[in-house]
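Tertiary structure, described
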Amino acid sequence: DTGVSQDPRHKITKRGQNVTFRCDPISEHNRLYWYRQTLGQGPEFLTYFQNEAQLEKSRLLSDRFSAERPKGSFSTLEIQRTEQGDSAMYLCASSFAQPDNEKLFFGSGTQLSVL
Amino acid sequence: AQSVTQLGSHVSVSEGALVLLRCNYSSSVPPYLFWYVQYPNQGLQLLLKYTSAATLVKGINGFEAEFKKSETSFHLTKPSAHMSDAAEYFCAVMRGYSGAGSYQLTFGKGTKLSVIP
């Protein structure tokens, strides 16, 4: 299967710990997105990359959050000093940039629980 | 700023009945509109999208949606519900493909569809 892959699927951590998630996009896709989804809500945009450049960041992305895409392929999302409010599903999506015809493919997400 | 409102967090229909999931949008510029479906423990899958071409958009699995500017609506319909349609459906709006805020999807809160046999 060559879909968007996210690892781990589930992460349980204690408040104050750091966590890192990984996303492997579809290989030929040059755009990569991170979204966060909490219970009963739709996904909320966090940030996106075109190749290795981080082009947009939401104000939801506090300074405890950092995302990288060092070689324009896989991406990591790190949360430092986790808080209970960080508990959510973190979704990654990728696409091939085509004006007016872009299609995002989403991964299955990483479910984070902060105790 | 863009936003979407999905009316009804939970909709139940009988198998074979019409499916109608409501979405109203707010956008300061001509919007791009999308419907996504999410099955349990899976990522979101694009059903269909409107990008200023035909106002009636046909998607996968027999779904379609009509863009009505006068009503700021983009409701999702399917003539006959199937058990496999049971899932959560999200409407989303995007500002566009250029400029600040481009390529960012703003999602509604979702509507969970149940199909009764």
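**Description of the nonpolar core**
If you look at the biggest cluster of nonpolar residues, it comprises 27 residues, and the most contacted ones within it are Trp35(B), Leu48(B), Phe74(B), Leu76(B) and Tyr89(B). At the level of elements, β2 (10-14), β3 (19-26), β4 (32-38), β5 (44-50), β7 (64-68), β8 (73-78), β9 (87-94) and β11 (111-116) of chain B are the ones that each hand at least two residues to this core. What Tyr89(B) contacts, discounting residues up to four positions off in sequence, is Gln6(B), Leu21(B), Trp35(B), Tyr36(B), Val37(B), Leu47(B), Phe63(B), Leu76(B), Gly110(B), Thr111(B) and Leu113(B). Judged by nonpolar contacts, the second largest core, of 20 residues, contains Tyr33(A), Leu91(A), Phe106(A) and Tyr36(B).

**Comments concerning the interface of chain A and chain B**
If you look at the interface, chain A gives 23 residues, while chain B gives 22 residues. Of the roughly 1800 Å² buried between chain A and chain B on both sides combined, carbon and sulfur atoms contribute 51%. Across the contact surface, chain A and chain B share zero salt bridges. At the boundary of chain A and chain B, one finds four residue pairs in polar contact (both at pLDDT 80 or more). The leading source of residues in the side of chain A that touches chain B is strand β4 (residues 31-37) of chain A, at four residues. In terms of residue class, the side of chain A that touches chain B is made up of nine nonpolar, eight polar and six charged.

**Section: the side chain of Ser95(A)**
With respect to the secondary-structure elements, Ser95(A) resides in strand β9 (residues 88-95). Assessed through its relative accessible area of 0%, Ser95(A) is described here as buried.

**A few points about unusual backbone geometry**
Residues and elements named next belong to chain A. Going from Asp 7 to Pro 8, the amide bond is cis rather than trans, its omega being -5°. Positionally, Pro 8 belongs in the loop between β1 (5-7) and β2 (10-13). Even without glycine at this site, Arg 81 takes up a positive phi of about 50°. You can see Arg 81 is positioned in the loop between β8 (75-79) and β9.

**Some points on the packing of aromatic side chains**
Tallying each qualifying case throughout the model produces 15 aromatic pairs over all chains. Judged by centre distance (5.3 Å) and plane angle (40°), the rings of Phe21(A) and Tyr90(A) are tilted. Taken as a pair, Phe21(A) in strand β3 (residues 19-24) and Tyr90(A) in strand β9 lie far apart in primary sequence, 69 residues in all. In this pair, the class of Phe21(A) matches that of Tyr90(A), namely buried. Judged by centre distance (6.3 Å) and plane angle (90°), the ring pair of Phe90(B) and Phe107(B) falls under edge-to-face. One end of the pair, Phe90(B), is in strand β9; the other, Phe107(B), is in strand β10 (residues 105-107), with 17 residues separating them in the sequence. Side by side, Phe90(B) and Phe107(B) carry an identical accessibility label, which is buried.

About the criteria used
Residues numbered from 1 in each chain as written. Chains lettered and ligands numbered in written order. Predicted model: local features only at pLDDT ≥ 70, side-chain atom pairs only at ≥ 80, totals over all residues. Heavy atoms only, no water. Core = buried A, V, L, I, M, F, W, Y, C linked by side-chain atoms within 4.5 Å. Buried < 20%, exposed > 50% of the residue type's maximum accessible area, 1.4 Å probe, protein only. Helix = DSSP H or I, 4+ residues; strand = E, 2+ residues; numbered from the N terminus. Contact = heavy atoms within 4.5 Å. Buried area = accessible area lost by both parts, 1.4 Å probe. Salt bridge = Lys/Arg side-chain N within 4 Å of Asp/Glu carboxyl O. Polar contact = N/O pair within 3.5 Å; in protein donor to acceptor, adjacent residues only side chain to side chain. Nonpolar A, V, L, I, M, F, W, Y, C, P; charged D, E, K, R; others polar. Phe/Tyr/Trp six-rings, centres within 6.5 Å; stacked < 30°, edge-to-face > 60°.

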